[in-house]
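# Secondary and tertiary structure notes
The residues making up each chain are set out below.
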Amino acid sequence: MSGSKKPAKQSDLLVGIDFGTTKICVVIGKMTSEGIEIIGIGKQASLGIRKGIVVNIPSTVEALKKAIEVAELMAGVEITNAKCGIAGAHIKGFNSAGVVAIKNKEVGTQDVERAIDAAKAIAIPTDREVLHVIPQEFTINDHDGVKDPIGMSGVRLESKVHIVTGDVASAQNIIKCVNQAGINVSDIVLESLASSEAVLTSDEKELGVALVDIGGGTTDVAIFVRGSVVYTGVVPMGGNHITNDIAVGLRTSIQDAEKIKVASGCAMTSMLPNEEMIEVPMVGGRKSKEISRSVLTKIIEPRVEEILSMVNQEIANSGFKHLMSTGVVITGGASLLEGLPELAEFILEMPVRRGTPQGIGGLLDVVNSPMYSTAVGLLMYGKPSVSEVAFKIRDDENIYGKVLTRMKNWLGDVF
């Protein structure tokens, strides 16, 4: 650690750690009168993560330490706590509801707690754990669509929630890696929910939108209707599958294939100018060769079509496609591929835009890219509603008890 760093008040800092298949990204921000200001960012290749899951703890810890050091040096602070993203095919989301009688004929925080408890009273396998219980809306007597029922009169309170579960071991391994890097975990957040905080507008969430976060190993889907998340899902394919296809098709290394994809990749053959040529390094010391960019695109396009078709099926399976009035927002590093939004509009048959982090200041020119949506979103995530607070404060008995206990200091202030 550098001796020139200022002693930091962790209460003034916001730290997000994105455990991606391609990169580990650490973003440091601070609260100002105008909002969140980004003051530091560190990024390292994540060699110990596959499809969003930690598969090599020492490699992950080493990369994380380097990313933390770079971010700390840039910000001139030392960090002690961070919010961490979690993703992977093990993530499962579903909707649930619970009904309770209202005590004293007026809804209080305890009534909300009991309604949330009733909604989450479901059987889940022992190897899985609840990551999020996200209230969607409440119904008092026969009046539905209530967002905050506190203080309202009635005799019957129904809660509708979205529950996200994940593999216990996957969450434990993330916590273990962060702790070994000398940082405490203040919260674990589903990465698609974090990304949504950074790239979606309140109008999009209210009118209906799907966030499609295309990462290296997986593509995460989150659908919002009437301001609340109603569906979360995972497609087990991402940008690395495109890179692998390029490496095999052009007989080049994975590293060179990634560089070629970033520099010259395109998702639609129809968007290419004629006769544009690119140079491809060969493996084993062989002489480089020149190919037409259209050859590269013909390798990329089928894989992107496959990923987007799986996303389309995921959205169709959700049952909410007809409510997505504003269409789809794509983000994540792989969404930078030229022509991808246009191809997505064709396959998904709805408006598509590329989402970048919004509503932040500071090092905006550095993080103004879809690849930083999750890390920036982690800083913005966690302004809980009363009902979310009620759930988390009562939920100290599970594997995340230690994490949630550390949250009590600021969660308790809501009451």
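Our structure's up above, just so we're on the same page.
Residues numbered from 1 in each chain as written. Predicted model: local features only at pLDDT ≥ 70, side-chain atom pairs only at ≥ 80, totals over all residues. Heavy atoms only, no water.

### Here's the deal with the sheet that holds strand β18 (residues 352-354)
Formally: Should DSSP find at least two bridges between two strands, the strands are regarded as paired. By the criteria applied, helices consist of DSSP H or I runs no shorter than four residues and strands consist of E runs no shorter than two, each listed in order from the N terminus. Fitting a line to C-alpha atoms yields each axis, with helices limited to the stretch in contact; the angle taken between N-to-C directions then spans 0 to 180 degrees.
The strand order across the open sheet built from five strands is β14-β13-β12-β17-β18, with neighbouring strands paired in mixed fashion. Each end of this open sheet is capped by a strand with a single partner; those strands are β14 (228-235) and β18. Here the strands of the sheet are splayed against their neighbours by 20° on average, with no regard to which way each runs. As defined by bridge partners, strand β12 (residues 209-214) adjoins strand β13 (residues 219-225) across six bridges and the pair is classed as antiparallel. The residue bridging A210 from the neighbouring strand is I223, located in β13.

### Details of the environment of R114
Selection criterion: Any residue under 20% of the maximum accessible area for its type is buried, any over 50% is exposed, and the rest in between are partly exposed; the area is computed with a 1.4 Å probe on protein chains only. Residues are treated as being in contact if the distance between any of their heavy atoms lies within 4.5 Å. A 3.5 Å cut-off defines polar contacts: any pair of N or O atoms within that distance qualifies, except that in protein one atom must be a possible hydrogen donor and the other a possible acceptor, and neighbouring residues in sequence count only when both atoms are side-chain atoms.
Along the chain, R114 turns up in helix α2 (residues 109-119). For R114, a relative accessible area of 26% corresponds to the partly exposed category. Sequence-wise, R114 and A101 are 13 residues apart; in three dimensions their C-alpha atoms are separated by 9.2 Å. For R114, the contacting residues outside a window of four places in its chain are V100, A101, I102 and K103. Looking at R114, its side chain comes within polar contact range of the main-chain oxygen of A101, at 2.6 Å.

### Examining the packing of helix α4 (residues 191-199) against helix α11 (residues 373-380)
What counts, and what does not: Roughly parallel here means an angle under 35 degrees, roughly antiparallel means over 145, roughly perpendicular means 65 to 115, and every remaining angle is called oblique.
In the contact formed by α4 and α11, the axes pass within 7 Å of each other and the chain directions differ by 80°. On the basis of their axis angle, the class for α4 and α11 is roughly perpendicular. Mapping the contact onto sequence places E191, A194, S195, E197, A198 and V199 in α4 and S373, T374, V376, G377, L378 and M380 in α11.

### A word on unusual backbone geometry
Positive phi is not limited to glycine here, since K51 has a value of about 50°. Tracing the chain through its elements places K51 in the loop between β4 (49-50) and β5 (53-54). Here the phi dihedral of N141 falls at roughly 55°; this positive angle occurs in a residue that is not glycine. Note that N141 resides in the loop between β8 (128-140) and β9 (143-146).

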